[in-house]
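Survey of secondary and tertiary structure
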Amino acid sequence: MMTATTGSLPVELRPPDIGRYRHGSHAIPYAITLAGGRPGPHVVISALMHGNELCGAIAADRLLSAGLRPARGRLSFIFCNIPAFAQFHPDYPAMSRYVDEDMNRVWSPGRLDALPAPGDSGELRRAREIWPLFASADLVLDIHSMLHDTVPMMLAGAAPRALALAQHIGLPGWIVTDQGHAGGSRLIDHPRFTGPEPEGPTALLVECGQHWQRQAADTALTIAARFLEISDIIQRDALTPWLPSTPWAASRLVEVTQTITVLTNQFHFTHEVSGMDIIPTAGTLIALDGDRPVRTPHDHCILIMPARHPVRGHTAVRLGRLVA
Ligand SMILES: [Zn+2]
């Protein structure tokens, strides 16, 4: 039984010093908003939703340090889970994903709006603190990284307009559409960003590569620059240093067909999974959840981001198929 292949990867990235953003530019700690001189959309780049995913913080810090300013609209950078990030240590880099609960499962109106109650958490309190920023956002790029060393992945959730934006940005990797997680709502799943309308506030989640690899930070920077280019609030020349120098290979679109949620304390994959494996034949056994076999529901089934330590009530893996 094996669930991951990343145990021996070197930790190439170091946490950036973000202490100078502590007071924020307005009311929210670790949130910086820059205003252009003319009206335009509010564009938000979000980092550290998971405290151990350094690439987004590095990219945001570099863009801020470069003095990037919008010509119109507003540009915000938010460093989300500071207490988790503060616990990052290169000797045990997986341990600082969150403190109390996964911050990217709390973004439903029910949890954001409810009064403090049993089940409250540090992550939920911070989400409530920073929600006003997202509630005024027209475009959001939420930057993450992942356990497995695979090509980048843009998660568009279920919103057609998010898929359209993802395809417009392009990406040297996968675009994934899905219906979210049983374990809770991601930021991109909040009703503000979903819905069938072709126009409206739009949020994407990008997985920039393996958590600890230098390449993940470079990818985060390039994709953030491309996202800002599409948003059209910044002079293109100002973004040139980070934009891709050659055209990207076309991204492949994969649709999640099934989300496997862990039901017992005895879930394990039956063979080694490395992320984005493609299982040729329907009915292939991929995991046991207690005594329950988990099989691929269709041919050419893609295993998307299998969990390293599958936890009851959380997603073990998503299954998908390539869309022509
Ligand atoms: Zn993440």
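This structure is a prediction, so every number in the text was calculated from the model and none was measured.

Before going further, it helps to spend a moment on the packing of aromatic side chains. What the rule picks out here adds up to 7 aromatic pairs. Between Tyr21 and Phe79, the ring centres sit 5.1 Å apart and the planes meet at 10°, which makes this aromatic pair stacked. Taken as a pair, Tyr21 in the segment before strand E1 (31-35) and Phe79 in strand E3 (residues 72-79) lie far apart in primary sequence, 58 residues in all. A residue is classified by how much of its surface remains accessible, and Tyr21, at 5% relative accessible area, is buried. Judged by centre distance (6.5 Å) and plane angle (40°), the ring pair of Trp131 and Phe134 falls under tilted. Taken together, the positions of Trp131 and Phe134, both in helix H4 (residues 122-135) and 3 residues apart, correspond to about one turn of that helix. You'll find Trp131 and Phe134 in the same group, each marked buried. An aromatic cluster is present here, built from Trp107, Trp131, Phe134 and Phe193 joined pairwise through their rings.

Bringing the pairing of strand E14 (residues 315-323) into the picture now. Where strand E8 (residues 252-261) and E14 come together, 8 bridges link them in antiparallel fashion. Paired with Thr261 across the two strands is Thr315, which belongs to E14. Relative to E14, strand E13 (residues 301-304) is paired through 3 bridges, and the arrangement is antiparallel. Bridge pairing links Ile304 to Arg318 in E14.

Attention shifts here to the packing of helix H1 (residues 54-65) against helix H6 (residues 214-231). Pairs of packed helices are described in terms of their axes, by the angle between the two and the distance that separates them. The geometry of H1 relative to H6 is characterised by a closest axis approach of 8 Å and an angle of 55° between their N-to-C directions. Judged by the inter-axis angle, H1 sits oblique to H6. Where H1 crosses over H6, the handedness of that crossing is right-handed. Mapping the contact onto sequence places Cys55, Gly56, Ile58, Ala59, Arg62 and Leu63 in H1 and Ala216, Ala217, Asp218, Ala220, Leu221, Ala224 and Leu228 in H6. Residue classes in the contact of H1 with H6 are distributed as 10 nonpolar, 1 polar and 2 charged.

The protein atoms that coordinate the zinc ion are His50 (ND1), Glu53 (OE), Glu53 (OE) and His144 (ND1), at distances spanning 2.1 to 2.4 Å. Bound by 4 donor atoms, the zinc ion shows angles of 57 to 149° at the metal and therefore irregular coordination geometry. One chain supplies every donor for the zinc ion, spaced along it as H-x2-E-x90-H. Taken together, the residues span a long stretch of sequence, with Glu53 in the loop between strand E2 (38-47) and H1 and His144 in strand E4 (residues 139-146) at a distance of 91 residues. Look at His144 and you get buried, because its relative accessible area is 1%.

With that out of the way, let us pick up the side chain of Thr202. Along the polypeptide, Thr202 turns up in strand E7 (residues 202-210). In terms of polar contacts, Thr202 uses its side chain to reach the backbone carbonyl oxygen of Gly200, at 2.8 Å.

The next subject is the confidence of the model for the chain. Residues at a pLDDT of 70 or more form 97% of the chain, whose mean pLDDT is 92. This model gives residues 1-6 a pLDDT under 50, and the stretch forms 22 contacts once residues within four places in sequence are excluded.

What counts and what doesn't
Residues numbered from 1 in each chain as written. Predicted model: local features only at pLDDT ≥ 70, side-chain atom pairs only at ≥ 80, totals over all residues. Heavy atoms only, no water. Phe/Tyr/Trp six-rings, centres within 6.5 Å; stacked < 30°, edge-to-face > 60°. Helix = DSSP H or I, 4+ residues; strand = E, 2+ residues; numbered from the N terminus. Buried < 20%, exposed > 50% of the residue type's maximum accessible area, 1.4 Å probe, protein only. Pairing = 2+ DSSP bridges. Axes fitted to C-alpha atoms, helices over the stretch in contact; angles between N-to-C directions. Parallel < 35°, antiparallel > 145°, perpendicular 65-115°, else oblique. Left-handed = near helix turned anticlockwise from the far one by under 90°. Contact = heavy atoms within 4.5 Å. Nonpolar A, V, L, I, M, F, W, Y, C, P; charged D, E, K, R; others polar. Donors = N, O, S within 2.8 Å, 3.2 Å for Na, K, Ca; no water. Tetrahedral: all angles 85-135°; square planar, octahedral: opposite > 155°, others 65-115°. Polar contact = N/O pair within 3.5 Å; in protein donor to acceptor, adjacent residues only side chain to side chain. pLDDT = per-residue confidence, 0-100.

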